[in-house]
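Breakdown of the fold
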Amino acid sequence: MDFYNRKIKEGRATNNYELCAYTYFVKGFLLYRLKIEVDTTKLCYEKALLFAKKSNEDMLLSILYARYAAFLAIQEENTKALVFSDSAVIASKKVKYDYATFEGYFTKSRANIALGNYDRALQNIFNAQEFAVRPTDSIAAIKRLAAVYSYNGNYEKSAIHYKQSIDFQLLQKTKRDSSFALQSMGNLSDLYDQMNLQSKRKQQLDKNLKFSEYVPHEKYMKANILKQLADYHIEVSKDLDSSAYYLAIIDKELPEINELGFLANVNETRGALSFKKGAYQKANAFYKETYDFYKKANHLQKIRDISFILSTSLEKANNPEEALYYYKEFHKANDSINDKDKIEKFKEIELNNQYEKEKFETELAHQKDIAEEKEARNWLIFGLFGIIAISGFLIFSYARKKKQAKKLEEKNKIINQQLDEKQLLLKEIHHRVKNNFQIIASLLELQSKGIEDEKALELAKEGKNRVKSMALIHQRLYQNEDLLIELDDYIRMLVEDISKTYGKDATTKVTYNVPNYKFDIDTAIPLGLIINELITNAYKYGFASNEQLLNVSINKVNKEEYVLEVKDNGVGLPEGFNFEKAKSLGLRLVRQLSKQLHGKTMYSNENGCSFKISFKDTEARMLVE
């Protein structure tokens with residue numbers, strides 16, 4: 001730290017306040033990363049702010065406000081964090097420094113979550129997204145959105161957003177992104193616990209523990225996984241020895257825990273283990289340490305949870321008066337979290353932020369107008385002069401409201417126009433992709449004319465058919481308004497095309513039982529390739545005579561699952577056929593694509609060959625993944 005101390009001394013000597021502010025900031029950041037005393041880090045940040053104010057450098061001041069607010073939120077000083085994050089937003093907007101504005105709103109969302117203000121936290125996240133300047137900002141906002149949904153009880157939406165962030169961060173393959181991914185994976189395992197999906201919870205925890213080996217520098221993240229495993233063995237498997245084992249590893253790897261929030265969580269787990277062993281006094285001591293920390297931080301949901309646990313434990317320890325006190329604390333926090341107005345406000349914010357910010361502002365102005373008109377009606381009884389004055393005011397309010405409504409209408413027109421343009425562009429992309437696939441198919445056709453080897457010629461023909469099946473998908477996509485594939489029409493065109501290639505010397509009677517299901521491209525392409533392979537195999541190997549019968553059907557067997565069946569009246573599969581060990585490219589494709597669709601393959605040899613493929617659409621697969 002000698003280098004930073006010299007720089008501070010140099011800045012003081014030359015009245016270079018900007019250098020002093022920046023150096024104190026970097027010094028504080030390094031002290032925090034090195035897990036030095038929190039108070040020393042806080043002092044560095046406060047001195048950095050003091051010098052930044054003297055320097056009159058608003059951009060530097062705004063980012064220091066944002067960083068200090070984030071530090072305070074991590075330390076669970078949430079009320080203070082709100083004050084400094086507000087200052088960050090105000091200062092950064094003044095100099096149009098979007099990065100600091102994003103950080104300010106982002107920290108506000110964290111602090112408001114801790115304070116139980118989920119509606120405000122949601123609005124903070126939407127505000128932050130408006131100022132996101134890096135891809136990592138958007139992903140951070142998605143993770144925070146997942147946290148808000150989790151605390152608010154919407155676990156399905158929360159899981160979707162956590163999975164989105166994990167997928168993105170794992171693709172980056174950097175230490176920083178891997179750390180963030182591990183953090184989201186830990187949140188996901190907690191989410192499975194909330195959803196009472198204990199099997200998934202355990203699978204995720206095991207996966208997290210294995211993945212933590214790739215980020216050995218993140219000791220607290222690994223310790224948190226061990227803490228979660230200890231919780232699992234206390235609550236679900238009832239294996240108290242395993243729970244004690246994981247807590248012992250935490251003590252070994254982190255003999256001194258500097259992060260007070262994590263220490264509070266570990267003490268809660270230690271209390272739970274002592275409670276299960278019947279050591280209620282010891283359990284209460286751990287629980288009270290956890291309660292005191294979160295009471296000081298004013299973390300409403302944590303206060304609610306630990307208060308209920310404490311009341312139960314104190315009752316077991318024959319301490320009814322204290323148990324009653326914490327039971328009242330539980331109800332107080334629970335009532336605040338489940339406040340009806342807050343819940344309704346949350347839903348309103350979630351809906352309104354799908355549109356431009358102007359619509360939200362117009363709605364606020366509209367509500368203000370209603371209040372003003374109500375007040376005006378109350379004053380009508382005071383006489384003619386009041387009526388004249390209020391009438392004028394109402395006319396003005398109406399004109400303003402009409403002007404705002406017109407502005408909103410114009411904004412909606414622009415939005416609809418942009419959506420139409422994007423849809424047209426997407427159709428054009430599918431059109432060009434289709435054309436490129438057709439060019440590839442034509443090239444394969446031309447190339448095959450010069451091939452004399454029968455096997456090579458057959459391979460070229462199969463490749464051409466696969467390309468055509470994908471081209472047909474993109475053709476249907478740009479022809480349909482909703483950019484979905486109508487399966488009935490697509491399958492008929494696909495089978496007709498294959499029949500022209502392989503069925504020239506025979507008449508094939510094809511029957512269809514395909515309701516007009518619609519699928520997106522992620523389901524339609526693998527499904528089309530599977531059908532292509534099975535129909536092609538029927539023509540190449542299945543039929544022994546000119547009386548060729550082919551049946552293609554798709555049925556929906558339940559809410560999530562469909563079954564595709566392709567059946568012919570040919571010679572059937574060879575004796576001893578094993579689908580899982582089939583080496584032909586076509587059947588390997590069927591096998592892999594079925595797995596991609598979360599499907600299973602069944603086949604039989606009754607009066608020909610029958611293949612049945614169960615599969616799930618994109619939405620159902622996302623819920624599983």
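Residues numbered from 1 in each chain as written. Predicted model: local features only at pLDDT ≥ 70, side-chain atom pairs only at ≥ 80, totals over all residues. Heavy atoms only, no water.

All right, on to the overall build of the protein chain then. What the protein chain contains, in helices and strands, is 25 helices and seven strands. Counting every position in the protein chain, which comprises 625 residues, the buried fraction comes to 46%. Put simply, 63% of the contacts in the protein chain that link residues at least 6 apart link residues at least 24 apart. (Helix = DSSP H or I, 4+ residues; strand = E, 2+ residues; numbered from the N terminus. Buried < 20%, exposed > 50% of the residue type's maximum accessible area, 1.4 Å probe, protein only. Contact = heavy atoms within 4.5 Å.)

Here we take up the packing of aromatic side chains. Here the structure, examined in full by the defined rule, presents 30 aromatic pairs. An angle of 75 degrees between the planes, with centres 4.9 Å apart, marks the rings of Y68 and F84 as edge-to-face. Here Y68 is found in helix 4 (residues 58-74), whereas its partner F84 is found in helix 5 (residues 78-95), with 16 residues between them in sequence. Taking the relative accessible area as the measure of exposure, Y68 reaches 1% and is therefore buried. In this structure F84 comes out as buried when scored by relative accessible area, which is 18%. For the ring pair F293 and Y294, a centre distance of 5.0 Å and an interplane angle of 80 degrees mean the geometry is edge-to-face. (Phe/Tyr/Trp six-rings, centres within 6.5 Å; stacked < 30°, edge-to-face > 60°.)

Glycine aside, residues mostly have negative phi angles, and peptide bonds mostly take the trans form. Positive phi outside glycine occurs at K238, with the angle close to 60 degrees. Mapped onto the secondary structure, K238 falls in the loop between helix 12 (219-235) and helix 13 (240-253). One non-glycine residue, N607, lies in positive phi territory at about 55 degrees. Within the fold, N607 resides in the loop between strand 6 (600-604) and strand 7 (610-616).

Before going further, it helps to examine a nonpolar patch on the surface. A cluster of nonpolar side chains, namely I160, M622 and L623, defines an oily patch on the protein surface of about 260 Å² accessible area. Relative to the helices and strands, I160 is located in helix 9 (residues 155-172). According to the relative accessible area criterion, I160 is partly exposed, its value standing at 34%. (Patch = residues over 30% accessible without salt bridge, like charges linked within 9 Å, V, L, I, M, F, W, Y side chains within 5 Å. Areas by Shrake-Rupley, 256 points an atom, 1.4 Å probe, with all protein chains shown as cover. Salt bridge = Lys/Arg side-chain N within 4 Å of Asp/Glu carboxyl O.)

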